[in-house]
Each structure stands twice: as C-alpha cells, then as structure tokens.
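# Structural description and commentary
One-letter residues, chain by chain:
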Amino acid sequence: VSPDEEGICSGKYFTEAGLVGLLEQAAASFSMAGMYEAVNEVYKVLIPIHEANRDAKKLSAIHGKLQEAFSKIVHQDGKRMFGTYFRVGFYGTKFGDLDEQEFVYKEPAITKLAEISHRLEGFYGERFGEDVLEVIKDSNPVDKCKLDPNKAYIQITYVEPYFDTYEMKDRITYFDKNYNLRRFMYCTPFTLDGRAHGELHEQFKRKTILTTSHAFPYIKTRINVIHKEEIILTPIEVAIEDMQKKTQELAFATHQDPADPKMLQMVLQGSVGTTVNQGPLEVAQVFLSEIPNDPKLFRHHNKLRLCFKDFTKR
C-alpha cells in the first residue's frame, strides 16, 4: 500500500500481515458501529488474500462473521441509529479563525438540541466567560451588524441528510440513507412581515442546504461547511410539501409489517381529524377553492390537486 497524494500513510509501506490486521480491525469497528454493510465491503478485500494463501481457517471465520452481519441487517434494518446531525455556526472576533465558520456535528443517536446546546454553551462559556457567550435561539440568517462585537455567538440548528430525487434511486435501504453523507438541510418558516408563522396563504419556508468538505461517517465528528444553498418555497409550495409528507406517512402506516394500529390511528387523526388546525381540509379551502389568477401558479395548483388525489386514495 503506497501513500496517497495527501500522504495519509506518511510514506510507510505495509506488509501483507500488517494490512490484513488493519482490515480486520476496520471490520470489527464497523460491526461495533452497526454498519454491517461496510463489514461486507472490508471482507471483499480480505477474502481474496486468504484464498490466495489457501487459509481455510480464516476464510471460515470470515464467512461466519459475514453470515452474522447479514442476519443483523435483515433483523435490525430500520432499527439501527447511526447518528444525529446539527449545524453549528460561530460568530464574533473572539472565535478567531472560527468567526463566521459553520460546521456539521455528528452526535450520538437521539441527541436532543438542548443536549448539544448545553454542552457547547458550557465549553465555550468556560473559555470566554458565561457573560460573553450567547446562543442564538433561532435558525434565521445571522446579520453580523446587529451583533455585539464584544460577545461570542453560536447558533445551533438540527439538520437532516438531504438527497436529490435522482439520488433516492440508489439510496434504497436504511443504511444507504445514513452513509456517505455530505449534504444536509434545515427549514426555516417565515412570513413577509417578519413573523415566523402565519396563515396558510402567507406562510413561506426557507430551505437551506449545506455541503460539507468530507462525507460522514468520518474520522472527525465535525466537518466544516464549504457550500450553502437557499431555496424559498411559496405558500402553495409549502402546502404541497405538507400534503406529500402526510401521504407518505399514511403509506408507511398502512404498509407496516406487522401492522401497527396505534401508529395508523395517530396518522389518521393528524390527517383527517376535524380538530386539527391547518390540516388538509383547510389547505384545500385556501388553495383549491378557486383557480389562481396568476398563470405562474397553475402548475402548483394542479400539482396540489394531484397531491389530494393521491392522499384520498391512501
């Protein structure tokens, strides 16, 4: 194994035994992390080596571990928790080179926003002083002109892995959707008059897509953001997304095996319950009661109609 362009191997060369040892450690680490699909990829490299050496004992052990890994994939798929992701932005000259830098942090599964916020607040509060550090509570774009130059600010936002439609064709399994992640998204609701939430006809949404310099999982648990893209959704587009989400929830609840009546009841109650404000009924009344005057909205109007058609079928 020769060093790559970045000198990862530091100019050292591995013997076959050394390489085998490293790969076996990697397979064990992936197994402990619940990434059984990656275990298979590591053994794809190891198996030809042992076959060439006619080492039946090691081949037997590897195939036993592969059987165990694939069995866990079958029985644990969808139940594995690979991590929770947060975007953390640093603002203020006290951070030095970190000023205006953004990172995506990978945290243990089911980590709450309050947990990482408390941890970072404690760490940087101890470093700069609790009276100097301030946590920005919302996810709106930060205007540096409005910040106190004598303070250090951090902004923490929960983010989810983001995939384009074409990517979803290859990211079929639960593992595919949680491995080799470079793009993340968070949404910020807003209205034109400055409020975060408003009536259906005035509710906009800003989708922010972040691209990191490397893909998760990585040797570090935080990776810097190298690109940011913003998409503004109009109220009718927000309604279309909401209806698509409700339809997907219904589809998932009705196709569970074994069936889960409690989940189905909760999804139905959230979808068609008369007590739910701004539910599908109100969406239809606001956006579909009349043909829009603006020709640019015809396509969205028709798409929302199709969403309701699919929704009622479900």
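Bear in mind the structure is a predicted one, so any value in this text is a computation, not a measurement.

Looking now at the pattern of salt bridges. In this structure the tally under the stated criterion is 16 salt bridges. Among the salt bridges present, the one from Arg-183 reaches Glu-167, with a minimum N-O distance of 3.3 Å. One end of the pair, Arg-183, is in strand E5 (residues 181-190); the other, Glu-167, is in the loop between strand E4 (152-161) and E5, and 16 residues separate them in sequence. Bridged by salt links that share partners, the residues Arg-87, Glu-102 and Lys-228 form one connected network.

Many analyses report the size of an interface as the accessible area lost when the parts associate. Each assigned domain of the protein is listed with its residue range as follows: domain 1 (16-76), domain 2 (84-233) and domain 3 (236-313). Centre-to-centre, using C-alpha coordinates, domain 2 lies 28 Å away from domain 3. Summed over both partners, the interface of domain 2 with domain 3 buries about 780 Å², with 60% contributed by carbon and sulfur atoms. Contact with domain 3 buries surface across domain 2, with Leu-200, Lys-205 and Leu-233 losing the most and accounting together for 69% of the total. The interface formed by domain 2 and domain 3 contains two salt bridges. Two residues, Lys-207 and Glu-241, come together in a salt bridge whose shortest N-O distance is 2.6 Å. The tally of links from domain 2 across to domain 3 stands at two residue pairs in polar contact (both at pLDDT 80 or more). Listing elements by their share of the side of domain 2 that touches domain 3, those giving two or more residues are strand E6 (204-216) and strand E7 (222-233).

This paragraph deals with the packing of aromatic side chains. In the structure shown here, the tally under the stated rule is 16 aromatic pairs. Seen in terms of ring centroids, Phe-308 and Phe-311 are 6.4 Å apart; in terms of plane orientation they differ by 80°. Their pairing is edge-to-face. You can see Phe-308 and its partner Phe-311 sitting in helix H8 (residues 298-313), three residues apart, about one turn around the helix. Like Phe-308, the residue Phe-311 is buried in the burial classification. A network of ring pairs unites the aromatic residues Phe-90, Phe-95, Phe-103, Phe-123, Tyr-124 and Phe-128 as a single cluster. The ring of Phe-190 carries the charged tip of Arg-206 above its face, separated from the ring centre by 4.7 Å.

Enumeration over the complete set of coordinates arrives at zero disulfides. Here Cys-187 is not cross-linked by a disulfide; its sulfur's nearest cysteine counterpart is in Cys-307, at 16 Å. Taking the relative accessible area as the measure of exposure, Cys-187 reaches 34% and is therefore partly exposed.

A negative phi angle is the norm for most residues apart from glycine, just as the trans form is the norm for most peptide bonds. Note that the residue after Phe-216, namely Pro-217, is joined by a cis bond; omega there is -5°. The topology assignment puts Pro-217 in the loop between E6 and E7. Residue Asp-257 is joined to Pro-258 through a cis peptide bond whose omega torsion reads 5°. Among the secondary structure elements, Pro-258 is positioned in the loop between helix H5 (235-254) and helix H6 (261-272).

Packing of helix H1 (residues 16-32) against helix H2 (residues 36-52) leaves a shortest axis separation of 8 Å and a crossing angle of 160°. For the element pair H1 / H2, the angle class is roughly antiparallel. In terms of crossing hand, the pair formed by H1 and H2 is left-handed. On the side of H1, the interface is formed by Glu-16, Val-20, Leu-23, Glu-24, Ala-26, Ala-27, Phe-30 and Ser-31, while H2 contributes Tyr-36, Ala-38, Val-39, Val-42, Tyr-43, Val-45, Leu-46, Ile-49 and His-50.

Let's shift gears to the side chain of Thr-212. For Thr-212, the location among the structural elements is in strand E6. Among the polar contacts made by the side chain of Thr-212, one reaches the main-chain carbonyl oxygen of His-214 at a distance of 2.6 Å.

Take the pairing of strand E2 (residues 102-107) next. In terms of burial, E2 is largely enclosed, as six of its six residues are buried. The two faces of E2 match: Glu-102, Val-104 and Lys-106 on one face and Phe-103, Tyr-105 and Glu-107 on the other face are all buried. In the sheet, strand E1 (residues 84-91) pairs with E2 via six bridges, with the strands oriented antiparallel. Opposite Phe-86, over in E2, you have Tyr-105 as the bridge partner.

Let us now look at the nonpolar core. In terms of nonpolar packing, the biggest core is built from 17 residues, with Phe-90, Phe-95, Tyr-105, Leu-120, Tyr-124, Ile-154 and Ile-156 touching the most fellow members. Those elements that provide at least two residues to this core are E1, E2, helix H4 (113-128), strand E3 (133-136) and E4. It is H4 that provides the largest number of residues to this core, a total of four residues. If sequence neighbours within four positions are ignored, Ile-156 has contacts with Phe-86, Arg-87, Val-88, Leu-113, Ile-116, Ser-117, Leu-120 and Ile-136.

About the criteria used
- Residues numbered from 1 in each chain as written.
- Predicted model: local features only at pLDDT ≥ 70, side-chain atom pairs only at ≥ 80, totals over all residues.
- Heavy atoms only, no water.
- Salt bridge = Lys/Arg side-chain N within 4 Å of Asp/Glu carboxyl O.
- Helix = DSSP H or I, 4+ residues; strand = E, 2+ residues; numbered from the N terminus.
- Domains from an automatic or database assignment.
- Buried area = accessible area lost by both parts, 1.4 Å probe.
- Polar contact = N/O pair within 3.5 Å; in protein donor to acceptor, adjacent residues only side chain to side chain.
- Phe/Tyr/Trp six-rings, centres within 6.5 Å; stacked < 30°, edge-to-face > 60°.
- Buried < 20%, exposed > 50% of the residue type's maximum accessible area, 1.4 Å probe, protein only.
- Lys NZ or Arg CZ within 6 Å of the ring centre and 35° of its normal.
- Disulfide = S-S within 2.5 Å.
- Axes fitted to C-alpha atoms, helices over the stretch in contact; angles between N-to-C directions.
- Parallel < 35°, antiparallel > 145°, perpendicular 65-115°, else oblique.
- Left-handed = near helix turned anticlockwise from the far one by under 90°.
- Contact = heavy atoms within 4.5 Å.
- Pairing = 2+ DSSP bridges.
- Core = buried A, V, L, I, M, F, W, Y, C linked by side-chain atoms within 4.5 Å.

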